[in-house]
Amino acid sequence: MSREVKRVPVDFVWPLDQRWQGYLTPDHLLPDSCPDCEHGLSPSGEYLFDLWHGKIPFHPAVTGSTLLTPATPQVRALAELHIAQAPDYYGADEFAICREAARLGALFNSMWCHHLAQEDVDALVAAGRLTELTHDRGAGGGWQPKDPPAALTAEQVNAWSLRGMGHDSMNARVVIKARCVREGVAYACATCGGDGHVEAYPGQRAEAKAWRPTEPPAGDGWQLWESVTEGAPITPVFETADDLVAHLVAEEGFRPGAAKTLVEQGRTAGSICTAGGAVLHSALDADVINAVGADRKKGIG
Ligand SMILES: [Zn+2]
């Protein structure tokens, strides 16, 4: 948890744990939702988006893909897993597994994302989106292209999408965009340009871009803030640094050395630190972290 000591007026008042208003984008700068799209896409793009997610009727034959059945190995395996995870809900017999497999098969058959055509797969590979299938984990943990390169078939990718996480929203965008390009139709919404929002008044976008957060007023007081969210005070304001240190020790569980170091340095160094294998709290162990940092500079640690 990052902490920062702020110098604010002694009579500064802002509720504890509540984000400072100067850090919040003002309401009048928030754009309206686009009236002509849901996801920043053209009418064709929105149609394909719904097809991808099975929100409108889809049939695997359209992409030349194979219809899944309750006996398809991946469908059967997933059904067995669901039944094993919730026997009280589904029942645990063969009938329950078959019923769940039939449900899953019908569900997956209704979604383009599980029945890609070869050109959809080619678009994903070209965009570097199927690393898990086209690459191997190298010795150092990084991804290395398979050698020889993997020639992925739609069948392989469709079987993969039924396991684990499957396609993410970025994959959906890549496939939808490639299909729009192949069919010569617009991909992005012409009204909003693709981001799904429009200006509530002329010039709002530029104004929002130019907006900068404002700090709380400066003064002679001492107050500890958390800066994990966008920043909120977490202690009362004190007249002296020593009073803030005393409060941290008495009320916040700080050791005196850690409180003193934190207030002297003005902020914590990151959030979690490790030293000698021990995990340190950046605020509560500020003195230890400071000492380790000084030793490292001197070449001791
Ligand atoms: Zn739009």
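Look up a bit, the structure's there.
Now for a look at the structure at hand. Because the structure is predicted, anything quoted here is derived from the model rather than measured. (Residues numbered from 1 in each chain as written. Predicted model: local features only at pLDDT ≥ 70, side-chain atom pairs only at ≥ 80, totals over all residues. Heavy atoms only, no water.)

### Let's talk about the packing of aromatic side chains
Logical step 1: By the definition in use, this model includes 5 aromatic pairs.
Logical step 2: Ring geometry for W14 and W20: centres 5.1 Å apart, planes at 80 degrees, overall edge-to-face.
Logical step 3: The buried category is assigned to W14, whose relative accessible area is 18%.
Logical step 4: A residue is classified by how much of its surface remains accessible, and W20, at 8% relative accessible area, is buried.
Logical step 5: Residues W52 and W112 carry aromatic rings whose centres are separated by 5.6 Å and whose planes lie at 80 degrees to one another, so their mutual orientation is edge-to-face. Residue W52 is located in helix α1 (residues 43-53), and its partner W112 is located in the loop between α4 (94-109) and α5 (118-126); the two are separated by 60 residues in the primary sequence. (Phe/Tyr/Trp six-rings, centres within 6.5 Å; stacked < 30°, edge-to-face > 60°. Buried < 20%, exposed > 50% of the residue type's maximum accessible area, 1.4 Å probe, protein only. Helix = DSSP H or I, 4+ residues; strand = E, 2+ residues; numbered from the N terminus.)

### Some points on the pattern of salt bridges
Logical step 1: This structure, assessed with the given rule, holds 14 salt bridges.
Logical step 2: The shortest N-O distance in the salt bridge between K6 and E215 comes to 2.8 Å. Of this pair, K6 sits in strand β1 (residues 3-8) while E215 is found in the loop between α9 (204-210) and β6 (221-226), placing the two residues 209 residues apart along the sequence.
Logical step 3: Given the relative accessible area of 8%, K6 is considered buried.
Logical step 4: Where R179 meets E183, a salt bridge forms, and the shortest distance between an N and an O atom there is 3.0 Å.
Logical step 5: If you follow the salt bridges from partner to partner, you end up with E4, K6, E215 and R267 in one network. (Salt bridge = Lys/Arg side-chain N within 4 Å of Asp/Glu carboxyl O.)

### Details of the coordination of the zinc ion
Logical step 1: Coordination of the zinc ion by the protein is provided by C34 (SG), C37 (SG), C189 (SG) and C192 (SG), with metal-donor distances spanning 2.3 Å.
Logical step 2: One can describe the donor arrangement at the zinc ion as tetrahedral, given that its 4 donor atoms subtend angles of 105 to 116 degrees at the metal.
Logical step 3: Here the donor residues for the zinc ion map to a single chain with the spacing C-x2-C-x151-C-x2-C. You can see C37 sitting in the loop between β2 (32-33) and α1 and its partner C192 sitting in the loop between α8 (169-182) and β5 (197-198), a full 155 residues away along the chain. Each of the two residues, C37 as well as C192, counts as buried. (Donors = N, O, S within 2.8 Å, 3.2 Å for Na, K, Ca; no water. Tetrahedral: all angles 85-135°; square planar, octahedral: opposite > 155°, others 65-115°.)

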